[in-house]
Amino acid sequence: MVPLYLHLQAFGPFAGEQKLDFTQLGPNPLFLINGPTGAGKSTLLDAICFALYGETTGDEKDPRSLRSDLADPSLVARVVFGFRLGGKVYEIQRQPAQRVPRTRGSGLREIGTEGVMLDLTEATPKVLVAKKAGQITGYVESLTGLKAEQFRKVMVLPQGKFRELLLETSLKREALFAQLFQTDVFRQIELQLQERAKDIRTRREANELQIAGLLEQANIAEEKQLAADIAELTGAETTAKSRRTEAAGRHMQAQRKIEDARRIRAQIEQRDALTAQLAQLEQRQTAVAGQEGGLRQARAAAQLRQLHDGVEQISQRLAQIQARLDGSQSQLEEHTQQLAREKADQATHASAYERTAMLNVECSRLQALFPKAQEWHRQQQRLIALNADLTQVRLALESRTAEQQARLERMADVKQAHQGLQAMVAALPDQSVTVAHNKVRLSERLACDALASRLKALRDEQAAALSEQVTLRDALQSAQREQDRLELAWHQSQASRLAARLQEGLPCPVCGSVSHPAPAPSDEHEISDQMLNQVRRQVQAAGQRLANHEARMAQRARQCDEQQVELDQRQHALGQDAHADLTQLQARFAEQEQQLQASQHARQKLDEGLRLIATLEQDQHTQEQDLAALRTRLQTLSVTHGSQQATLRMLEQELPEHLRSEVQLRLQIEGLTRQIEELTQAWRQAEQTVRQRQDRILGLQSTIAALQEQLAQDTQLHAAAIHKYEQALQRSEFADTGSWQAAQRDEAQCAALQQEIDGYYEALHQTRGRCAELGQALDGVAEPDLEHCLREEQAAATVAQQAEQTWQQLRDRLLALTTLQERLQKISTSSAALDEEYAVYGTLSDVASGRQGSKVSLQRFVLSVLLDDVLIGASLRLRKMSRGRYQLIRREQAGRGASGLDLDVMDEYTGQQRAVATLSGGESFMAALALALGLSDVVQAYAGGIRLDTLFIDEGFGSLDAESLELAIRTLIDLQAGGRTIGIISHVSELKEQMSLRVDVIPDVSGSRICVQAPGLADA
Ligand SMILES: Nc1ncnc2c1ncn2[C@@H]1O[C@H](COP(=O)(O)OP(=O)(O)OP(=O)(O)O)[C@@H](O)[C@H]1O
Ligand SMILES: [Mg+2]
């Protein structure tokens, strides 16, 4: 650990804030912390110890008493310590429990111990522990590998305590060294060896117990007897086995004999049954012959049935033809009557049809009248058009004549008015220049007024903007305050955020540890990055709003000034009119303008009057020409109208009035044509009906003839069929139709009967065959004695069973003994292997745990070797400091468990070894210093140990004489060249002269101050 800086506030004799920057002293410095008694030198070490472990160097001071009584009550006592360790930079801030003034109201309140530990290696600080002071101590312990007590022994030799390192017990030294050199691994080896040896022993004992148990189970006194028993049993088992085979063979023979007897018995029984069955079948033979006769008759009856069915079919057909013949004859009669009626109808329609010739002549006459009717219509239309033209021309002539009269009167009036207007215009003054000038002035005046009101509005806006500016400024300040508050809270909540992300088994991003026994508790009011960013954005936005607002205000102020200048210039140019009453000004200008408008209007009227007179004169001339043309046209039209009337009258004489219209003519012709068509149609229809009826009658007559012919043929066929049937019946075995009908059977009945007869003959044949077979097989065979056979088999079975039992018992015992023998062999092999293993591990364990050999445990042995190394380094220094008199040595005390780490001093003067406790105060200091330096040397060089690159020595130098002091300092200077930071605390003035690098602690009634003296370095 290399100290980098130490800040103290309201701590011990330091009333205000004091900062000590160790880096000002250069790399690996040897420096003096100097100051008079009670200045606060030891307090600096207290502060470092308190920052790291929450305890002071002496561990006697209550941390509550650390708060400076000299400090301002509002100042919180705290320590900030920065240091480098293992390539990383850490900072610890810690404050002791103390009483501080209440924030609200008067009086004091208690605040607890609090602290923060940060990793400052990277640009962004990482909070390792927040608030929990106890956790910081744990973190520091794991980082340095030292507890507070051990830290005080090897890094800080506190005032009045340095002898502790020298004089502590062997056990305590063992614990300290084990920690410093991290030799726990050797202890682990010891324990594991013990564990292993114990395990082997246990397994070996278990084997012995198992052997005893197995022999007892098998009822054998000792292992040797087992082999003899097995040999004896093997012979007996072989004999029993051959006996068993023999008995089993005899038993099988007896069983086979029983089977043969049973088979012969069954054959005899079967033969008897078949003989009885054959007798029964032979009895049924007569009945079966009767069934065969019945079947033959049924087949003959089936042949006669075909002829009988033929006669029946022809009879049915004859009846059908007769029925159809009767139906056709009655239809013929009906159609003949109908024909007579239709012929009478036909005659009536023929006489009506003769009228159509006359109607056709009338039709032709009417069609010839068509061109005349069209001509009459054309002439009639023309006359109507002439009448209309005449009326129109007459009316036009009348109205034009009236208009002409009115126009003449109006022209006279206009000329008179024009003369009056000419006289008035000559009398009016010219106002046009004045009115034009007035317009310009008025628009300028209105522009000035608008400019003035815009200027006023701008000034009003500016006033309102001023108060808004105040509001925006307030908003920005309050947002900034909120941002400060959240930033602070965010920094404070980093440790709990980190803790929330820790997962058991995954490495901590700060320390890399995969186990997290005491993570920082979650902060209820934790500030998220999002909240912080949001408030930052809010501050930025508020700042932006204020800046924008102020820019707008500045622009508005510029506009006000510019517009004021412009207004002043324009008002000056307007003169009196700039401030005159606007309404009066406008009224005056309006009056002058009205006068101008009236004069302009009169002149306009004069021009219009002139133009009107000219137009009226032109119109008068045109109208007179039109009137003359109209009169000529009226005359022409009257002549044409007379001739047209004469033409029309001539046409009307040739055409009767009801045939003058083309439509009426067409209707007449259409009526006649329709009448002709109807008459023709009726006549043709009647003729067709008569023809169809006659065809139908002819068809019926031919059908009747055909049916009559068929009837005659079928009657002959019927007689022939009856004859054929009767002859066949006479030829058959049947006496009459009755007996024939009785013999009839259908197909299914015949088939069943045939099957029954076939089955009978099959059974008869098979039974006869089987009877003959069995008779042959049993020829000369006597009936066997089954009961005797059974008795013989029973006796053989009992003998075989007994032989089996005897053999099984012998076999089971033999098997059990051979299995036991195998198991005992396996256990013996395992025991031998365990004995071999124990020979190694048991011995190793005994040696490692100090039960054999030097009686020193492995760890203690390792530590004693390390202590020897330490003592070599320490003795080198102590010899120098004591002018060659003393050396530190390890006391050899064989046979005692916890010994091996006790120290003695070898006095060169006496050549004797004695306890370190016998050294004087100054000598003890030198020895302790030498030991601390030796220890730091060896630990530093020992791979796997912890880093001891800093040493503070608080006092003790006062107990040395000048020469010893000189030697001690020389030793330290040598040591410091080895790359370590060494701080010596002393008020000894000689030291002050010898050491240029100094931290002066200056006492004062208002609290001590710190001042770093580093000549040469500070300038650099
Ligand atoms: N709470 C406190 N408020 C103010 N002063 C205190 C407080 N506690 C201790 N002191 C004083 O602060 C000084 C601290 O002494 P410190 O042990 O640091 O002195 P020192 O420089 O090491 O002196 P020495 O050379 O005698 O060892 C002492 O005068 C002590 O009485
Ligand atoms: Mg002191």
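By convention here, each chain's residues receive numbers from 1 onward along its written sequence. Starting at A for chains and at 1 for ligands, labels are handed out in the order in which the entities are written. Local features in this predicted model are restricted to residues of pLDDT 70 or higher, and side-chain atom pairs are both shown and tallied only at a pLDDT of 80 or more, whereas totals for entire chains, interfaces and linings draw on every residue. Each side-chain value is worked out from all heavy atoms of the structure, with water and hydrogens disregarded.

What about the overall build of the protein?
Okay, step 1: Helix and strand definitions follow DSSP, with helices as H or I runs of at least four residues and strands as E runs of at least two, each counted in order from the N terminus. In terms of helices and strands, the protein carries 21 helices and 17 strands.
Okay, step 2: Each radius of gyration reported is based on C-alpha atoms, and the globular scaling rule is 2.2 Å times the count of residues to the power 0.38. Relative to the globule expectation of 31 Å for 1020 residues, the C-alpha radius of gyration of the protein, 77 Å, shows a markedly less compact shape.
Okay, step 3: Judged by the C-alpha coordinates and their principal axes, the protein covers about 195 × 190 × 50 Å.
Okay, step 4: Residues counted as buried form 36% of the 1020 residues belonging to the protein.
Okay, step 5: In the protein, the share of contacts with a sequence separation of at least 24, taken over all contacts with a separation of at least 6, comes to 76%.
Okay, step 6: Here the Shrake-Rupley method, with its probe set to 1.4 Å, supplies the accessible areas, and only the displayed protein chains count as covering residues. Looking at the protein as shown, the accessible area adds up to about 59,600 Å², and 51% of this sits on carbon and sulfur atoms.
Okay, step 7: Neither His nor the chain ends contribute to the count of charged residues, in which Lys and Arg are positive and Asp and Glu negative. Charge coordinates come from a single atom per side chain, which is NZ of Lys, CZ of Arg, CG of Asp or CD of Glu. Both charge centroids of the protein, one from 118 positive and one from 137 negative side chains, sit 3 Å from each other. Burial classes follow relative accessibility: with a 1.4 Å probe on protein chains only, a residue under 20% of its type's maximum area counts as buried, one over 50% as exposed, and anything between as partly exposed. Should any heavy atoms of two residues lie within 4.5 Å, those residues are counted as being in contact.

A closer look at the site of ligand 1
Okay, step 1: Nearness of a residue to a molecule or strand requires only that one of the residue's heavy atoms be within 4 Å of it. Among the 16 residues in the neighbourhood of ligand 1, the closest are listed as Gly38, Gly40, Lys41, Ser42 and Thr43.
Okay, step 2: We define a polar contact as two N or O atoms separated by no more than 3.5 Å, with the added condition that, inside protein, one atom must be a possible hydrogen donor and the other a possible acceptor, whereas residues neighbouring each other in sequence contribute only through side-chain atom pairs. Between ligand 1 and Gly40, the relevant distance is 2.8 Å, taken from an oxygen atom to a main-chain nitrogen or oxygen of the residue.
Okay, step 3: Measuring from an oxygen atom of ligand 1, one finds a side-chain N or O atom of Lys41 at 2.7 Å.
Okay, step 4: Out of a free accessible area of 650 Å², ligand 1 has 68% covered by protein chains.
Okay, step 5: Any residue that is not Ala, Val, Leu, Ile, Met, Phe, Trp, Tyr, Cys, Pro, Asp, Glu, Lys or Arg is counted as polar, Gly included; the first ten are nonpolar and the last four charged. Among the residues making up the shell around ligand 1, the classes are represented as three nonpolar, ten polar and three charged.

Observations regarding the pairing of strand 7 (residues 108-111)
Okay, step 1: Here, a strand pair is defined by DSSP locating no fewer than two bridges between the strands. Two strands pair when backbone bridges link them, and strand 6 (residues 98-101) and strand 7 are joined in this way by four bridges, in the antiparallel orientation. Of the residues in strand 7, the one forming a bridge with Val100 is Arg109.
Okay, step 2: Hairpin geometry of strand 6 and strand 7 is characterised by an intervening segment of six residues between the two adjacent antiparallel strands and by a positive phi of about 80° at Gly105.

Considering the packing of helix 8 (residues 285-353) against helix 16 (residues 747-777)
Okay, step 1: Simply put, an axis is a line fit to the C-alpha atoms, just over the touching stretch for a helix, and the angle between two N-to-C directions goes from 0 to 180 degrees. Direction vectors running N to C along helix 8 and helix 16 enclose 150°, while the axes themselves pass 10 Å from each other. In terms of orientation, helix 8 and helix 16 fall into the roughly antiparallel class. When the axes of helix 8 and helix 16 are compared, the crossing they make is left-handed. Of the residues in helix 16, those touching helix 8 at Gln285, Val288, Gln291, Glu292, Leu295, Ala298 and Arg299 are Cys750, Leu753, Gln754, Glu756, Ile757, Tyr760, Tyr761 and Leu764.
Okay, step 2: Residues belonging to the contact of helix 8 with helix 16 are distributed by class as follows: nine nonpolar, three polar and three charged. We call two directions roughly parallel when the angle between them is under 35 degrees, roughly antiparallel when it is over 145, roughly perpendicular when it lies between 65 and 115, and oblique otherwise. Crossing chirality is assigned from the near helix's rotation relative to the far helix, an anticlockwise turn below a right angle marking it left-handed and a clockwise turn marking it right-handed.

Observations regarding the nonpolar core
One broad rule of soluble globular proteins: the nonpolar side chains tend to lie buried together.
Okay, step 1: Grouping buried Ala, Val, Leu, Ile, Met, Phe, Trp, Tyr and Cys residues that are joined through side-chain atoms within 4.5 Å yields what is termed a nonpolar core. Of all hydrophobic cores here, the largest spans 97 residues; its most connected members are Leu6, Leu44, Leu52, Met117, Ile953, Phe957 and Ile984.
Okay, step 2: If you tally residues by element for this core, the top one is helix 19 (residues 921-941), at eleven residues.
Okay, step 3: The residues contacting Met117, other than those within four sequence positions of it, are Phe83, Tyr90, Glu91, Ile92, Lys126, Val127, Leu128, Val129, Ile136, Tyr139, Val140 and Leu143.
Okay, step 4: Grouped together as the second largest cluster of nonpolar side chains are 17 residues, Cys363, Leu383, Ile669 and Ile676 included.

A few points about the packing of aromatic side chains
Okay, step 1: Planes of paired rings set the category: under 30 degrees apart is stacked, over 60 is edge-to-face and the rest tilted, where pairs are Phe, Tyr or Trp rings (Trp by its six-membered ring) whose centres lie within 6.5 Å. Taken as a whole and judged by the stated rule, the model has ten aromatic pairs.
Okay, step 2: Centre to centre, the rings of Phe31 and Phe952 are 6.2 Å apart; their planes meet at 80°, and the pair counts as edge-to-face. Within this pair, whereas Phe31 is found in strand 3 (residues 30-34), its partner Phe952 is found in strand 14 (residues 950-954), the two being separated by 921 residues in sequence.
Okay, step 3: With a centroid separation of 5.4 Å and an interplanar angle of 50°, the aromatic rings of Tyr53 and Phe151 are classed as tilted. One end of the pair, Tyr53, is in helix 1 (residues 41-53); the other, Phe151, is in helix 3 (residues 148-154), and 98 residues separate them in sequence.
Okay, step 4: For Tyr53, a relative accessible area of 4% translates into the label buried.
Okay, step 5: Judged by its relative accessible area of 3%, Phe151 is buried.
Okay, step 6: Taken together, the ring pairs connect Phe22, Phe31 and Phe952 into an aromatic cluster.
Okay, step 7: In this structure, Arg94 packs its charged tip against the face of Phe50, placed 6.0 Å from the ring centre. For a ring to carry a charge above it, either NZ of a lysine or CZ of an arginine must fall within 6 Å of the ring centroid while also lying within 35 degrees of the normal to the ring plane.

Digging into the pattern of salt bridges
Okay, step 1: Salt bridge, as applied in this entry: a Lys or Arg side-chain nitrogen positioned within 4 Å of an Asp or Glu carboxyl oxygen. The full count for this structure, using the stated rule, is 44 salt bridges.
Okay, step 2: One salt bridge connects Asp626 with Arg400, and the closest N-O pair in it is separated by 3.5 Å. Of this pair, Asp626 sits in helix 13 (residues 582-654) while Arg400 sits in helix 10 (residues 370-426); the two residues are 226 residues apart in sequence, bridging distant segments of the chain.
Okay, step 3: Since its relative accessible area comes to 32%, Asp626 is described here as partly exposed.

Remarks on unusual backbone geometry
Okay, step 1: The residue Ala10 is not glycine, and still its phi comes out positive at about 50°.
Okay, step 2: Residue position: Ala10 is located in strand 1 (residues 2-11).
Okay, step 3: With relative accessibility at 0%, the residue Ala10 sits in the buried group.
Okay, step 4: Positive phi, close to 55°, is recorded for Arg883, a residue that is not glycine.
Okay, step 5: In this fold, Arg883 is placed in the loop between helix 18 (858-881) and strand 11 (886-890).

Section: the packing of helix 7 (residues 223-283) against helix 17 (residues 786-848)
Okay, step 1: In the contact formed by helix 7 and helix 17, the axes pass within 6 Å of each other and the chain directions differ by 155°. Compared by their axis directions, helix 7 and helix 17 come out roughly antiparallel. As for how helix 7 packs across helix 17, the hand of that crossing is left-handed.
Okay, step 2: Looking at the contact of helix 7 with helix 17 residue by residue, the classes come out as 25 nonpolar, six polar and 16 charged.

Let's talk about helix 1
Okay, step 1: The span expected for a helix works out to 1.5 Å for each residue beyond the first. With 13 residues, helix 1 ought to run about 18 Å at 1.5 Å a step, and its terminal C-alpha atoms sit 19 Å apart, in line with that.
Okay, step 2: Of all 13 residues that make up helix 1, 13 are buried, and the element is covered over most of its length.
Okay, step 3: Looking one or two residues beyond helix 1, the residue adopting positive phi is Gly54, at roughly 75°.

What to know about the sheet that holds strand 10 (residues 156-157)
Okay, step 1: Spatial ordering of the open sheet is given by 10-14-15-3-16-17, a layout of six strands whose pairing is mixed. Lying at the two open borders of the sheet, with one neighbouring strand each, are strand 10 and strand 17 (1009-1013).
Okay, step 2: Two strands pair when backbone bridges link them, and strand 3 and strand 16 (residues 998-1002) are joined in this way by three bridges, in the parallel orientation. Looking across to strand 16, one finds that Ile33 is bridged to Val999.

Description of the sheet that holds strand 8 (residues 114-119)
Okay, step 1: Spatial ordering of the open sheet is given by 2-1-4-5-8-9, a layout of six strands whose pairing is antiparallel. At either end of the open sheet lies a strand with only one pairing partner, and these are strand 2 (14-21) and strand 9 (126-130). Along the sheet, successive strands turn relative to each other by an average axial angle of 15°, direction set aside.
Okay, step 2: Of the strands in this sheet, strand 1, strand 2, strand 4 (78-85) and strand 5 (88-95) are in contact with helix 1, which crosses strand 1 at around 100°.

Some remarks on the environment of Thr950
Okay, step 1: Note on placement: Thr950 falls in strand 14.
Okay, step 2: Between the C-alpha atoms of Thr950 and Met1, which are 949 residues apart in sequence, the distance is 6.3 Å.
Okay, step 3: A distance of 2.3 Å separates a polar atom in the side chain of Thr950 from the backbone oxygen of Met1.

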